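Results of the structural survey
Below, each chain spelled out in residue letters.
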Amino acid sequence: CLNNFGMVLSCRFQYLGNMEDLHRSIEVFTQVVELAQDGDPQKLCFINNLASELASRFHFHKDIVDINRAIALLYLADSLAPAGHPEKPPHLMTLGRALIARWGHISGLDDYALSRGTHILRGRIVAMKDYSVLDHFINSFKGQLEVENLDNDASIIAHATSNNSASSCSDL
């Protein structure tokens, strides 16, 4: 399978650091996403693989096109995944990391986009009622961000877990 070839290239890049492997994995994952049918349950995974590789390349080359493309793909994946889909939390975390990476690169010039992105992520995670993902989101990004309402998210988790009731957050 072509996706497996992309994964092998990605792993080899991680171990050996050969940038050509990273570039080639992006090419392969792009083909995989293009060839996947819209109803294919694996398409979300394929999109996430491509977005993750683009974010990796951005980490090394700082080409804003890569991180913007990764973010667009992850928003697409989020729109394709129904609520409760098992692949939704990894996409949201990858999206959150990509938004943080872009924000860090542009040095706060686009604070509105960062704030909007994190607000969207929080809302989607809360709507999924997956408080472990929300807790991970807060712990992953709180030290890097001063975005309002992160403390409120921690209160939501504490309230939901103390009551052992996910429905306690349904009015958010």
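Now for a quick tour of the structure. A quick note: this is a predicted structure, and the numbers were derived from the prediction, not measured.

1. Some words on helix 2 (residues 19-35)
Residues spaced three or four apart along an α-helix face the same direction, because each turn holds 3.6 residues. Over its 17 residues, helix 2 extends 25 Å from the first C-alpha to the last, a length consistent with the 24 Å expected when each residue adds 1.5 Å. Within helix 2, burial applies to Asp 21, Leu 22, Ser 25, Ile 26, Val 28, Phe 29, Thr 30, Val 32 and Val 33. Buried-residue contacts for helix 2 involve helix 1 (2-16), helix 3 (43-61) and helix 4 (64-80). One side-chain oxygen of the residue at the start of helix 2 lies 2.9 Å from the amide nitrogen of Glu 20, identifying that residue as Asn 18.

2. Observations concerning the packing of helix 3 against helix 5 (residues 88-105)
Closest axis-to-axis distance for the helix 3/helix 5 pair is 11 Å, and the angle between their directions is 25°. The angle between helix 3 and helix 5 places the two elements in the roughly parallel class. Crossing angle aside, the handedness with which helix 3 passes helix 5 is left-handed. Residues Leu 44, Cys 45, Asn 48, Ser 52 and Phe 58 of helix 3 touch helix 5, and the partners they reach there are Pro 90, His 91, Thr 94, Ala 101 and His 105. Considering only residue class, the contact of helix 3 with helix 5 consists of five nonpolar, five polar and no charged.

3. Some words on the pattern of salt bridges
For the coordinates displayed, the defined rule picks out four salt bridges. One salt bridge connects Glu 27 with Arg 24, and the closest N-O pair in it is separated by 3.1 Å. Pair noted here: Glu 27 and Arg 24 are both in helix 2, with a separation of three residues, about one helical turn. According to the relative accessible area criterion, Glu 27 is partly exposed, its value standing at 43%. Overall, the relative accessible area of 31% leaves Arg 24 in the partly exposed class. One salt bridge in this structure joins Lys 43 and Asp 38, with 2.9 Å as the shortest N-O distance.

Rules behind the numbers
Residues numbered from 1 in each chain as written. Predicted model: local features only at pLDDT ≥ 70, side-chain atom pairs only at ≥ 80, totals over all residues. Heavy atoms only, no water. Helix = DSSP H or I, 4+ residues; strand = E, 2+ residues; numbered from the N terminus. Expected span 1.5 Å × (residues − 1). Buried < 20%, exposed > 50% of the residue type's maximum accessible area, 1.4 Å probe, protein only. Contact = heavy atoms within 4.5 Å. Polar contact = N/O pair within 3.5 Å; in protein donor to acceptor, adjacent residues only side chain to side chain. Axes fitted to C-alpha atoms, helices over the stretch in contact; angles between N-to-C directions. Parallel < 35°, antiparallel > 145°, perpendicular 65-115°, else oblique. Left-handed = near helix turned anticlockwise from the far one by under 90°. Nonpolar A, V, L, I, M, F, W, Y, C, P; charged D, E, K, R; others polar. Salt bridge = Lys/Arg side-chain N within 4 Å of Asp/Glu carboxyl O.

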